[in-house]
Amino acid sequence: MKYFLFTFLLFLVLFSKGQSLVILHTNDMHSHLNGFSPEAEYTPLIDDEDPTAGGFSRIAGLIQSEKEKYGESLLVLDAGDFSMGTLFQTLEMTEGFQLNLMKKMGYEFVAIGNHEFDYGPNTLATMINNNLKNGPIPQLLCANYAGSKLYPDDLLQKSFDDGVILPYSVIVKNGIKIGLFGLVGVDADESIASYFGVQFDKQKKVAKATAKYLKKTEKVDLVIALSHSGVWKNKKGKWSGEDLDYAKAAPDIDLIISGHTHTYLPIALHAGNATIVQTGALGLNVGKVSISMKEDHRPQIDYELVAMNDKIIADPEIQQLIDSKTSWIEKNILMDAGSSFSKPILETSFDLTMDENHPFESNLGPFIADAIYHSLNQDKAPKVDMAMVATGVIRTNIYTGKKGLQNINDLFNVMPLGNGDDQVPGSSLGKIYVTGSELKKVLELILAVYPMKTNYYLYYSGAQIEFNPDKGFFKKISAIKIGDEEKGFRTLDIGKKSQDLVSIAANKYMISFIGQLKKMSFGLVNVIPKRGNGVPFGDDSFLVDLDDQKEGVQEAKEWLSIYHYIKEFSDVNGNGIPDVPEVYQTKRNPLLVVKQ
């Protein structure tokens, strides 16, 4: 009897082992190879309770320890936007590094996200090919890419033709047949700059058809969508989002590894037949999904988040590979700025933060807007009346940590997006003129839509806006004053027939966005970017030129504006490092609520 019981229990164990799977997953890591913030205090190989979170060597350490536990039952996935967010992204243009690194860490499948297209489809193909020259990379997935109407020589299509990027893949792990596919969602699609002409097939239709094919034709046991689409809470506090919609429309999906919205999901969501999980962003957490197949072939799914903090035993080999690349970045990117990775360049006694869900409470937004405004109003710099920056391009906060010291990467990480024609990373700044009437319309539109599109909220410097939140649509703003506390203010004519011109500095993407407002607002808002003489721009010559005595355009960058601005700060404690002025502890956006 005892022998029979032992045999029966052993059978159950073996059967269970043969039908189980463990998935580690990430999303929206944005090239945050090192932990932060501040990165200056990141010491993953030393047990010193450093205050940072994230870091690829910590993630690699977790993957290695889980691999020792689960062996071939472990699957490691990423749901897209793996690139674009730190100075390490600059390696991809010439060297190629991150995808090779992720393969070494143990990643098997990685989805394509919208930020992989930040420099266009051909540059993405170049980045992928640079990595392939150095060795193997994870299998890339995207099921609904439909090419670029502006790039007939679409190099990215060759990556699909060669199988480097696949719409879907089928594998067997520990006796479970798994179908995986990648998906770029609607909002992610719309976030790709229009001047690249990147197109995607209808997301919901592709999700439904691909999942059905995998289940019915490929006869997989489990369908996993690496969906760069996302979930969020609506105004009523209930979960909403594209992944919930896809799940309901595609009943053959079992698990959605979600991305794009940077949503921290400590508890899994459920819609249709699918379980939906997401880790937040930037490698601060790794998701762990445990799956066992039930007798009816339905998966039993458990989920948890693992914090990537100093308690994680990091992988020294991975960290060594990361550290070996800093010299290339210092030589090729930071030399002109006169800085290095390890050198502290700023000190703060308080946090500078921005939360898209509560943009009015931010002190980081006004700090950045002031940086752009002041850097462009120096003696030899082109002068501007007003500077703007949107919440959507502010990617990380500035935290004090234990010492309050910040290095160059801590500042770059705040504004890392974009690239200029000069190949220097970071979004280029432009200068345009608009009328007072046009400016009012833009600001009215932003005040109307930002509760629904939180990444559209704007921070300003060089202006004060008086508004009444209780007023109706396009009637909230009563006055716009141009200037600052030092120079004084002038009231701008914002009447319907106003020809009063005001110069605005903003990044290239935002200026392109302003020029497309007529189409986006269905004719409600028509703003024509102009030169100082009132003549409309016909090309991208609105880019700021920091030195018109040199050949070409000496481009200004958002993040370099911060770097130049902090050089004006006083060194309060005499340690040779400038300190963030106390005024920014309480400074908020110059939106003055005026009740009438």
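Figured I'd write up the structure that's included with this text. Nothing here was measured: the structure is a model prediction, and the numbers come from that model. (Residues numbered from 1 in each chain as written. Predicted model: local features only at pLDDT ≥ 70, side-chain atom pairs only at ≥ 80, totals over all residues. Heavy atoms only, no water.)

### Some details on unusual backbone geometry
Using the following cut-off: The way it works is that DSSP assigns letters per residue, a run of H or I at least four long becomes a helix, a run of E at least two long becomes a strand, and they are numbered from the N terminus.
Of the consecutive residues F36 and S37, the connecting peptide bond is found in the cis state with omega at 0°. For S37, the position within the fold is in the loop between β1 (20-26) and α2 (56-70). S37 connects to P38 through a cis peptide bond whose omega is 10°. The topology assignment puts P38 in the loop between β1 and α2.

### Considerations on the packing of aromatic side chains
Threshold: Think of it this way: a Phe, Tyr or Trp ring, Trp meaning its six-membered ring, pairs with another when their centres are within 6.5 Å, and the plane angle makes it stacked under 30 degrees, edge-to-face over 60, tilted otherwise.
Using the criterion set out here, one finds 14 aromatic pairs in the structure. Between F473 and F474, the ring centres sit 4.6 Å apart and the planes meet at 65°, which makes this aromatic pair edge-to-face. Site record: aromatic cluster; members linked through ring pairs are F117, Y145, F160 and F200.

### Focus on the environment of Q89
Put simply, the test is: A contact between two residues is defined here by any heavy atoms of the two lying within 4.5 Å. Polar contacts, as counted here, are pairs of nitrogen or oxygen atoms within 3.5 Å of one another; within protein the pair requires one atom able to donate a hydrogen and one able to accept it, and residues that are adjacent in sequence qualify only if both atoms are side-chain atoms.
Among the secondary structure elements, Q89 is positioned in the loop between β2 (74-78) and α3 (91-94). Separated by 56 residues in sequence, Q89 and L33 have C-alpha atoms that sit 9.6 Å apart. Here Q89 is in contact with S31, M84, Y119, F412 and P416, once residues within four sequence places are set aside. A polar contact of 3.2 Å, which involves the side chain of Q89, links it to the backbone oxygen of P416.

### Comments concerning the pairing of strand β21 (residues 429-435)
Put simply, the rule reads: Categorising residues by exposure relies on relative accessible area from a 1.4 Å probe, with only protein chains included: less than 20% of the type maximum marks a residue as buried, more than 50% marks it as exposed, and the intermediate range marks it as partly exposed. Only strands that DSSP links by at least two bridges are regarded as paired with each other.
Counting buried residues along β21, 6 of its 7 residues qualify, which places the element largely inside the surrounding structure. Bridge count for β21 against strand β26 (residues 501-507) is 7 bridges, and the pairing is antiparallel. In the strand pairing of β26, K431 is matched with A505.

### Observations concerning helix α4 (residues 98-105)
Counting buried positions over the 8 residues of α4 gives 6, a clear majority of the element. Turning to α4, its buried residues are Q98, L99, N100, L101, M102 and M105. Downstream of α4 by one or two residues, G106 has phi in the positive range, about 125°.

### Describing the sheet that holds strand β16 (residues 285-293)
In space, the 7 strands of this open sheet follow the order β6-β4-β3-β2-β1-β16-β17, with mixed pairing throughout. Looking along the sheet, the strands with just one partner apiece sit at the ends: β6 (165-166) and β17 (299-307). Looking at chain direction, β1 and β16 are connected through 6 bridges and run antiparallel. Within β16, the residue paired with L21 across the bridge is I291.

### Some remarks on the pattern of salt bridges
Spelled out, the test is: The rule for a salt bridge is simple: a side-chain nitrogen of Lys or Arg has to be within 4 Å of a carboxyl oxygen of Asp or Glu.
Applying the stated criterion across every chain yields a total of 16 salt bridges. Linking K67 and E72 is a salt bridge whose minimum nitrogen-to-oxygen distance equals 3.7 Å. For K67, a relative accessible area of 37% corresponds to the partly exposed category. By relative accessible area, E72 is classed as exposed at 56%. In this structure, D254 and K215 form a salt bridge, with 3.1 Å as the shortest nitrogen-oxygen distance. Taken together, the residues D254 in the loop between α9 (242-249) and β13 (255-258) and K215 in helix α8 (residues 203-216) connect sequence positions 39 residues apart. Exposure class is identical for D254 and K215. Each is buried.

### A short note on the sheet that holds β21
Stated formally: Between N-to-C directions, angles span 0 to 180 degrees; the directions come from axes that are lines fitted to C-alpha atoms, helices contributing only their stretch in contact.
The sheet built from 4 strands is open, its strands ordered β21-β26-β19-β22 with mixed pairing. Edge positions in the open sheet fall to β21 and β22 (458-461), since each of these has one partner strand only. On average, each strand axis in the sheet is inclined to that of its neighbour by 30°, with strand direction left out of account. The pairing of strand β19 (residues 386-390) with β26 spans 2 bridges and is classified as parallel. Looking at β26, one finds that M386 is bridged to I504. In this fold helix α12 (residues 364-375) packs onto β19, β21, β22 and β26, with an angle of close to 140° to the strand it touches most, β19. Sitting on the sheet, helix α14 (residues 436-449) touches β19, β21, β22 and β26, and the angle it makes with β21 is about 110°.

### Section: a positive patch on the surface
Threshold: A residue counts toward a patch only above 30% relative accessible area and without a salt bridge, and it is joined to like-charged neighbours within 9 Å or, for Val, Leu, Ile, Met, Phe, Trp and Tyr, to nonpolar neighbours within 5 Å. All accessibility values rest on the Shrake-Rupley procedure with a 1.4 Å probe; residue burial counts only the protein chains present in the view. Here the positive residues are Lys and Arg and the negative ones are Asp and Glu; neither His nor the chain ends is included. Where a charge lies is defined by one atom per residue type, namely NZ (Lys), CZ (Arg), CG (Asp) and CD (Glu).
A contiguous patch of positive charge on the surface is contributed by K441, K471, K475 and K496. Mapping K496 onto the fold places it in the loop between β25 (488-491) and β26.

### Things to note about the environment of K219
With respect to the secondary-structure elements, K219 resides in the loop between α8 and β10 (222-228). As for K219 and D153, which are separated by 66 residues in sequence, their C-alpha atoms are 36 Å apart. The contacts of K219, once residues within four sequence positions are left out, are K177 and L214.

### Here we look at the nonpolar core
Note the cut-off: Definition of nonpolar core: a set of buried residues of the types Ala, Val, Leu, Ile, Met, Phe, Trp, Tyr and Cys, connected through side-chain atoms within 4.5 Å.
Counting 129 residues, the largest nonpolar core has F56, F367, I368, M388 and L439 as the members making the most contacts within it. It is α12 that contributes the most residues to this core, 7 residues altogether. Ignoring sequence-local partners within four residues, the contact set of F56 consists of M29, H32, L33, Y42, Q98, L101, M102, M105, I318 and I322. One finds L183, L226, Y246 and A274 within the second-largest nonpolar core, a separate group that totals 47 residues.

### Digging into the packing of α12 against helix α17 (residues 558-566)
For clarity, the threshold we go by: Small angles under 35 degrees read as roughly parallel and large ones over 145 as roughly antiparallel, with 65 to 115 read as roughly perpendicular and the rest as oblique.
Between α12 and α17, the shortest axis-to-axis distance is 8 Å and the interhelical angle comes to 80°. By the criterion of interaxial angle, the relationship of α12 to α17 is roughly perpendicular. On the side of α12, the interface is formed by F367, I368, D370, A371, I372, H374 and S375, while α17 contributes E558, S561, I562, Y565 and I566.

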